[in-house]
Amino acid sequence: MAYDLEEQEKLDAIKAWWARYGTLVVTLFAVVALAWGGWWGWKAYESHRANQAMGYFEALEDAARLGGADSAVRIKTAAATLREQYPATGYAARGALVAAQALQAQKDDAGAREQLEWLAAQGKNPSMQSVARLRLAGMLLDQKQYDAALAQLNNPPAAFAALFADRRGDILAAQGKRDEARAAWQSAIDGLGTANPLTQVVQLKLDALSGA
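In this text the structure is predicted, and so the values were computed from the model without any measurement.

Right, let's get into the overall build of the chain. What the chain contains, in helices and strands, is nine helices and zero strands. Along its sequence from the N terminus, the chain presents helices and strands in the succession α-α-α-α-α-α-α-α-α. Expressed as a percentage of its 212 residues, the buried residues of the chain come to 32%. For the chain, long-range pairs separated by at least 24 residues make up 48% of all intrachain contacts whose partners lie at least 6 apart in sequence. Counting only carbon and sulfur atoms, one obtains 58% of the accessible surface of the chain, whose full area is about 13,000 Å².

Structure representation (structure tokens):
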């Protein structure tokens, strides 16, 4: 097919451009395609990992709910698997809380404490970490390890400041530090506000302390 001079010049320009930039265009296209495929592959891998973690978490919940002679072993095994193989998933933190509650109910305080200590040391899930610190402080209070209990309540996150203050008041009262306990409970009441049902509970403790 014959081309006129103008068309031939356009074709020559296109050929020259392709000769200069064609390899770069193909390379960029391949990189984008690989990146896109890699992203979808990673999402599929993450979904697969999350499903595996969910399976172990459900097994842990079943062991905690159904009980049985070997339930403590099954709870600890499932929780350990979540911690070791799926630490980045939310199931690991939730599993530690479920395991701690179940083990404490079975009078396995050492096992429960291990779960809470692990979660209390994790900074990737601040809300779960705060719950673990609060519960661990309560467990240490029951064991009369007052200094260790108070140490769990240092630098409270803003969302948990009132709850931490309430637990601090419990510990200080147990130590016989009445004025410090009173200040801690008053701080908890101020932070909770009048509409919070827990405020009445803290107020009762404060009133009992004042009347003692």
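Quick look at the packing of aromatic side chains now. Counted under the stated rule, the structure contains three aromatic pairs. On the numbers, 5.9 Å between centres and 40 degrees between planes, the contact of Tyr56 with Tyr86 is tilted. Taken together, the residues Tyr56 in helix α1 (residues 5-66) and Tyr86 in the loop between α2 (71-85) and α3 (90-105) connect sequence positions 30 residues apart. Given the relative accessible area of 4%, Tyr86 is considered buried. Between Phe57 and Tyr91, the aromatic rings sit 5.5 Å apart at their centres with planes inclined by 45 degrees, giving tilted as the arrangement. In this pair, Phe57 sits in helix α1 while Tyr91 sits in helix α3, placing the two residues 34 residues apart along the sequence. This pair shows no difference in class: Phe57 is buried, exactly as Tyr91 is. Arg94 extends its terminal NZ or CZ atom over the ring of Phe57, reaching a point 4.7 Å from the ring centre.

Let us now look at unusual backbone geometry. In most cases, non-glycine residues show a negative phi, while peptide bonds are predominantly trans. Positive phi, close to 70 degrees, is recorded for Lys107, a residue that is not glycine. The class for Lys107 is exposed, based on a relative accessible area of 71%. For Lys144, which is not glycine, the phi dihedral falls at a positive 60 degrees. Tracing the backbone through its elements, the reader meets Lys144 in the loop between α5 (126-142) and α6 (146-151). For Lys144, a relative accessible area of 61% gives the class exposed.

For Gln115, the location among the structural elements is in helix α4 (residues 109-120). For Gln115, a relative accessible area of 2% corresponds to the buried category. Apart from residues no more than four positions distant in its own chain, Gln115 is found in contact with Ala79, Arg83, Ala96, Ala99, Ala100 and Leu103.

Between its first and last C-alpha atoms helix α8 (residues 178-192) spans 21 Å; for 15 residues at 1.5 Å apiece the expected length is 21 Å, and the two agree. Along α8, the residues classified as buried are Ala181, Ala184, Trp185, Ala188, Ile189 and Leu192. Angular distribution of buried residues about the axis of α8 spans 140 degrees; they occupy a single face of the element. Seen from the open side of α8, the exposed residues pointing more than 90 degrees away from its buried face are Asp179, Asp190 and Gly191. Positive phi appears at Gly193, one or two residues downstream of α8, with a value of about 90 degrees.

This part is about the pattern of salt bridges. According to the stated counting rule, one finds eight salt bridges in the structure shown. In this structure, the salt-bridge partner of Asp62 is Arg65, at a minimum N-O distance of 2.8 Å. One end of the pair, Asp62, and the other, Arg65, are both in helix α1, three residues apart, so they sit about a helical turn from each other. The partly exposed category is assigned to Asp62, whose relative accessible area is 32%.

Calculation notes
- Residues numbered from 1 in each chain as written.
- Predicted model: local features only at pLDDT ≥ 70, side-chain atom pairs only at ≥ 80, totals over all residues.
- Heavy atoms only, no water.
- Helix = DSSP H or I, 4+ residues; strand = E, 2+ residues; numbered from the N terminus.
- Buried < 20%, exposed > 50% of the residue type's maximum accessible area, 1.4 Å probe, protein only.
- Contact = heavy atoms within 4.5 Å.
- Areas by Shrake-Rupley, 256 points an atom, 1.4 Å probe, with all protein chains shown as cover.
- Phe/Tyr/Trp six-rings, centres within 6.5 Å; stacked < 30°, edge-to-face > 60°.
- Lys NZ or Arg CZ within 6 Å of the ring centre and 35° of its normal.
- Expected span 1.5 Å × (residues − 1).
- Arc of directions from axis to C-beta.
- Salt bridge = Lys/Arg side-chain N within 4 Å of Asp/Glu carboxyl O.

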